[in-house]
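In case you want the letters, here they are:
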Amino acid sequence: MSKPLRKYPNIPVYEVENHNEVLPDVFRAIGSRHFPAENGLIIHFDAHPDLGVPAITPDQAFSPIELQNEATISDWLLPLAYTKNISDIVWVRQHWSKQISTNCYQLGIGSLRDPPHHLKVDLPLVYFLEDDNYAPTEKLEDIRTVQLHVLDPFSKDCSCGVLQRRVVTHQEPYWLDVCLDYFSCANPYQLQALNLMSLAFYDAVVHPFKEWHSLCFSSLSPPLSSSLPSSSTAFCCQQQYTQGIAVLEALLEEQSVDENAAGLSLQHLTLLRRWVEPLLRLLPDFKAMVECTSQPEAALPLDTAWLVSCGLTWNQPSAMSTDQQVQVTIAQLQALLLRCGEPTFVTVARSVEDHFTPSKLCADKLLADIKTVFTTTWSEKQHQWQSTT
């Protein structure tokens, strides 16, 4: 029989810069028996799902040190589902965050039966396919099941059964996680292109990647649809998309491409080759402009790898909120917290240095507003703010 959970005298609030830096605080909460070691619940306010899967093995997932070394801002969360620390993920998304539609999903996360035995998920959403994170269930072993609940607080129907059942009715412990880009979000690559060149320049960079994405995934359900493709169809589309991006990257680097090994049709290879020259023509003017500026956005390296990274951001959220819109979002955060009661602990990611939280948004003022929300919402219990930034 497991020992009862301990209670914090004050609600800990851990502030970090990069979202994956919350992991040590999570492990401490679990290790000190303040948060359950299995079947935990997270309420995740973020402009992005952060549901990528790092290229790690099961042994690495169970090693806190290795996981902290390998996880990034986009893939720190699902390994906690594989280790059974988390069984319910509630992603509260903005109406302009279009990566996954509002719905409830059941996904399995397991390791590939064949080498290199990396973790993959068996839910064939385009969000997972475009990052090569999907594998059919039969190709996985040691599968853990996690419930993913995607909410939009702007929707008229913002109910969530798991919150009502686990948090409101049974008052189970939960972990509250907030990223500042939930209130206002930038696309760093788009921002760099806009500040130094133009929207037309950014559109020219992302055009081939957007077209290739459409060609590979247009036969599947649209991103905001609740219907799912068959596993075989999804896997084939994922392979074609991933191989195409790899070929395009190789062509930009002027590397030779083995047409047979690429696994793509001659028509597709011809199309990819046709996109290379226009992309390469974009770099010289951009580099010349960067040399004439001292803007912080110019710090990113400008090479063919930059073209690929920028091109892949075409479907990332970008919404510069007004002060009024930020205050409305803060009020919605408080309304949901009033329904859910006190969390066991809170993590807050600034995400300022990577430019996902716009510099025009005063992070310190926003943090002060969030502190006020916590103070007024949890009046019976103090919260203890700890910053590692």
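My aim in this report is to walk through the structure given alongside it, one point at a time.

Conventions and cut-offs
Residues numbered from 1 in each chain as written. Predicted model: local features only at pLDDT ≥ 70, side-chain atom pairs only at ≥ 80, totals over all residues. Heavy atoms only, no water. Helix = DSSP H or I, 4+ residues; strand = E, 2+ residues; numbered from the N terminus. Buried < 20%, exposed > 50% of the residue type's maximum accessible area, 1.4 Å probe, protein only. Contact = heavy atoms within 4.5 Å. Areas by Shrake-Rupley, 256 points an atom, 1.4 Å probe, with all protein chains shown as cover. Lys, Arg positive; Asp, Glu negative; His and termini not counted. Charge placed at Lys NZ, Arg CZ, Asp CG, Glu CD. Axes fitted to C-alpha atoms, helices over the stretch in contact; angles between N-to-C directions. Parallel < 35°, antiparallel > 145°, perpendicular 65-115°, else oblique. Nonpolar A, V, L, I, M, F, W, Y, C, P; charged D, E, K, R; others polar. Pairing = 2+ DSSP bridges. Phe/Tyr/Trp six-rings, centres within 6.5 Å; stacked < 30°, edge-to-face > 60°. Lys NZ or Arg CZ within 6 Å of the ring centre and 35° of its normal. 1 Å grid on protein atoms, 1.4 Å probe; cavity = no way out; pocket = protein on both sides within 12 Å on 5 of 7 lines; lining within 4 Å. Points joined across faces, edges and corners; volume = space filled by probe spheres on them. Salt bridge = Lys/Arg side-chain N within 4 Å of Asp/Glu carboxyl O.

**Overview of the overall build of the protein**
On a plain count of helices and strands, the protein comes out with 14 helices and 9 strands. Considered along the principal axes of its C-alpha atoms, the protein spans approximately 65 × 50 × 40 Å. The proportion of buried residues among the 389 residues of the protein is 53%. Across the protein, contacts joining residues at least 24 apart in sequence account for 80% of those joining residues at least 6 apart. Summing over all exposed atoms, the protein offers an accessible surface of approximately 17800 Å²; the carbon and sulfur share of this is 50%. Between the averaged position of the 26 positive side-chain charges in the protein and that of its 44 negative side-chain charges there is a distance of 8 Å.

**Things to note about the packing of helix α8 (residues 199-217) against helix α12 (residues 304-311)**
Two quantities define a packed helix pair, namely the angle between the helix axes and the distance between the axes. At a minimum axis separation of 8 Å, α8 and α12 run at an interaxial angle of 80 degrees. By the angle class used here, α8 and α12 are roughly perpendicular. Between α8 and α12, the contacting residues are Phe201, Tyr202, Val205, Val206 and Phe209 on the first element and Trp306, Leu307, Val308, Cys310 and Gly311 on the second. The residue makeup of the contact of α8 with α12, split by class, is 9 nonpolar, 1 polar and no charged.

**Brief notes about the pairing of strand β1 (residues 11-16)**
Taking burial as the measure, the 6 residues of β1 include 6 buried ones, the bulk of the element. Neither face of β1 is open: one carries Ile11, Val13 and Glu15, the other Pro12, Tyr14 and Val16, and all of them are buried. With 5 bridges joining them, β1 and strand β9 (residues 383-387) adopt parallel strand pairing. Directly across from proline 12, in β9, lies its bridge partner glutamine 384. As paired strands, β1 and strand β8 (residues 345-349) are joined by 4 bridges and run parallel to one another. Bridging across to β8, glutamate 15 finds its partner in valine 348.

**What about unusual backbone geometry?**
In this model, proline 115 is joined to proline 116 through a cis peptide bond whose omega is 10 degrees. Tracing the sequence through the fold places proline 116 in the loop between β4 (103-112) and β5 (119-121). For asparagine 39, which is not glycine, the phi dihedral falls at a positive 60 degrees. By the element assignment, asparagine 39 lies in the loop between α1 (23-31) and β2 (40-45). Look at asparagine 39 and you get partly exposed, because its relative accessible area is 45%.

**Some details on the packing of aromatic side chains**
Each aromatic ring pair is characterised by the separation of its centres together with the angle its planes make. Following the criterion strictly, the structure yields 14 aromatic pairs and no others. Taking 6.5 Å as the distance between ring centres and 85 degrees as the angle between the ring planes, the aromatic pair formed by phenylalanine 35 and tryptophan 175 counts as edge-to-face. Here tryptophan 175 lies in strand β7 (residues 175-179) and phenylalanine 35 lies in the loop between α1 and β2, a separation of 140 residues in the sequence. Phenylalanine 35 gets classed as buried once you look at its relative accessible area, which sits at 1%. Ring centres of tryptophan 175 and phenylalanine 345 lie 5.5 Å apart, and the angle between their planes is 20 degrees; this geometry places the pair in the stacked category. Of this pair, tryptophan 175 sits in strand β7 while phenylalanine 345 sits in strand β8, and the two are 170 residues apart along the sequence. By the burial criterion, tryptophan 175 is buried, and phenylalanine 345 matches it. Just above the ring of tyrosine 82 sits the side chain of arginine 144; from NZ or CZ to the centre is 4.5 Å.

**Re the layout of surface pockets**
The space that makes up the largest pocket amounts to roughly 930 Å³. Surrounding the largest pocket, 38 residues form its lining, Ser74, Asp131, Leu312, Thr313 and Gln316 being those nearest its centre. Only α7 (188-196), α9 (231-252) and α12 provide two or more residues apiece to the lining of the largest pocket. Looking at the lining of the largest pocket, the element that brings in the most residues is α9, giving 3 residues. Along the lines of polarity and charge, the residues of the lining of the largest pocket split into 14 nonpolar, 15 polar and 9 charged.

**Focus on the pattern of salt bridges**
This structure, assessed with the given rule, holds 9 salt bridges. Across the pair glutamate 15 and arginine 350 runs a salt bridge, and its minimum N-O distance is 3.3 Å. Note that glutamate 15 is positioned in strand β1 and arginine 350 in the loop between β8 and α14 (363-377), a separation of 335 residues in sequence. Like arginine 350, glutamate 15 is buried. Residue aspartate 88 is joined to arginine 166 by a salt bridge in which the shortest nitrogen-to-oxygen separation is 2.5 Å. In this pair, aspartate 88 sits in strand β3 (residues 86-92) while arginine 166 sits in helix α6 (residues 161-169), placing the two residues 78 residues apart along the sequence. A residue is classified by how much of its surface remains accessible, and arginine 166, at 8% relative accessible area, is buried. Members of the salt-bridge network, linked through shared partners, are Glu15, Glu17, Arg350 and Asp364.

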